[in-house]
Every structure is written in structure tokens, then in C-alpha cells.
Amino acid sequence: MARILITFAASAFIMMGSIEYSHADDFFKNADIAYGEYLAGECVTCHRSGSSEGSIPNIAGVNAKIIASALHAFQTKERENKVMQLVAERLDNEQIASLAVYFASLTSD
Ligand code: HEC
């Protein structure tokens, strides 16, 4: 009986997880860390690894979903910042996903 309950609880948990994250997982399915690293060349002139400098936030080690949603917000001009709007408007979703998983994979310290 206990085993049945545990199995049931575990599968309910997995199902909840996949409903909650299915959209995001789909967005990241074409993400490629190596491509992200290549694209990041233009970002790291401003976003130096590890530390925030002045008005430029640190994005190394930040959750990929947070990075991707920030880039989307600049793209749609929902979030104001001329420089980042210009950077983001040239990126397609595959590039955004790849940059996000690359920066998320870095350590923040
Ligand atoms: C010319 C400098 C510059 C370049 C190049 C640049 N950024 Fe930014 N970025 C900024 C600044 C400044 C901000 C802060 C904007 C604000 O105050 O909202 C920012 C904000 C961000 C944020 C939001 C971070 C947060 O904590 O809210 C992300 C994500 C980001 N940049 C990613 C990128 C990526 C990816 C690239 C390369 C494709 C890139 N940036 C290139 C200057 C730059």
C-alpha cells in the first residue's frame, strides 16, 4: 500500500512539473551552449564575467529562464534600455535560448 502511494505521489509530482515547465522546456529545446558562447562575444564587452559594473548587471550564473525573459522584454520594448533593445532585436529565439543557457552555465563569482 505504501509503495502504491509513493508511486502515485511521484508520478503526480512529475506530471505537475511537466505541465508547469513544458512551455519553457520547449523554448530551450534548440539551445546550444557552444553557439551561445560564440554569440556571447558581443555581450561580454559590457557584461564582464562575474561582477556588475556600474549600470551593467552581472548575468553570469543567472537562471536561463530569467535571462531569456529579460531579452524578450527588451525585444518587445516592454523593458526600457536603448542599448539592450538594439542588441535584443537582432536575436532570434534560438540565439536567445543559446545565450541564456550559456550565461546560466557560468559561475557568478
Ligand atoms: C553596450 C553594452 C551592452 C551590450 C553589448 C550588451 N548588454 Fe546586456 N545590458 C546592458 C545594460 C546597461 C543593461 C541594464 C539595462 C537596464 O538597466 O535595464 C543590460 C541588461 C541585460 C540583461 C538583464 C539583466 C538583469 O539583471 O536584468 C540581460 C539578460 C542582458 N543584458 C543580456 C545581454 C546579452 C545576452 C548580450 C549579448 C547578446 C548583451 N546583454 C549585450 C549593456 C549591454
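Use the structure listed above.
Predicted model, so just to flag it, every value in this text is computed and none were measured. (Residues numbered from 1 in each chain as written. Predicted model: local features only at pLDDT ≥ 70, side-chain atom pairs only at ≥ 80, totals over all residues. Heavy atoms only, no water.)

**Q** Quick one: what's the story with the pattern of salt bridges, residue by residue and with numbers?
**A** Overall, the coordinates contain three salt bridges when judged by the stated rule. Of the charged contacts, one joins Glu 89 and Lys 77 as a salt bridge, the two residues approaching to 3.3 Å between their closest N and O atoms. Highlighted residues: Glu 89 in helix α4 (residues 82-89) and Lys 77 in the loop between α3 (64-75) and α4, separated in sequence by 12 residues. (Salt bridge = Lys/Arg side-chain N within 4 Å of Asp/Glu carboxyl O. Helix = DSSP H or I, 4+ residues; strand = E, 2+ residues; numbered from the N terminus.)

**Q** For the packing of aromatic side chains, give the residues involved together with the corresponding values.
**A** Summed over the entire model, instances satisfying the criterion amount to three aromatic pairs. Each ring, one from Tyr 35 and one from Tyr 38, has its centre 6.4 Å from the other, and the planes form 15 degrees; the classification is stacked. Taken as a pair, Tyr 35 and Tyr 38 lie in helix α2 (residues 33-39) at a separation of three residues, close to a single helical turn. Tyr 35 sits in the partly exposed class, given a relative accessible area of 26%. Exposure remark for Tyr 38: the relative accessible area of 64% places this residue in the exposed category. (Phe/Tyr/Trp six-rings, centres within 6.5 Å; stacked < 30°, edge-to-face > 60°. Buried < 20%, exposed > 50% of the residue type's maximum accessible area, 1.4 Å probe, protein only.)

**Q** Describe in detail the nonpolar core, supporting the description with residues and values.
**A** With 21 residues, the main nonpolar core has Phe 28, Leu 71, Leu 99, Ala 100 and Phe 103 as its most contacted residues. For this core, the secondary-structure elements that each account for two or more residues are α3, α4 and α5 (93-105). What Phe 103 contacts, discounting residues up to four positions off in sequence, is Ala 40, Cys 43, Val 44, Ile 59, Ala 60, Gly 61, Val 62 and Ile 67. (Core = buried A, V, L, I, M, F, W, Y, C linked by side-chain atoms within 4.5 Å. Contact = heavy atoms within 4.5 Å.)

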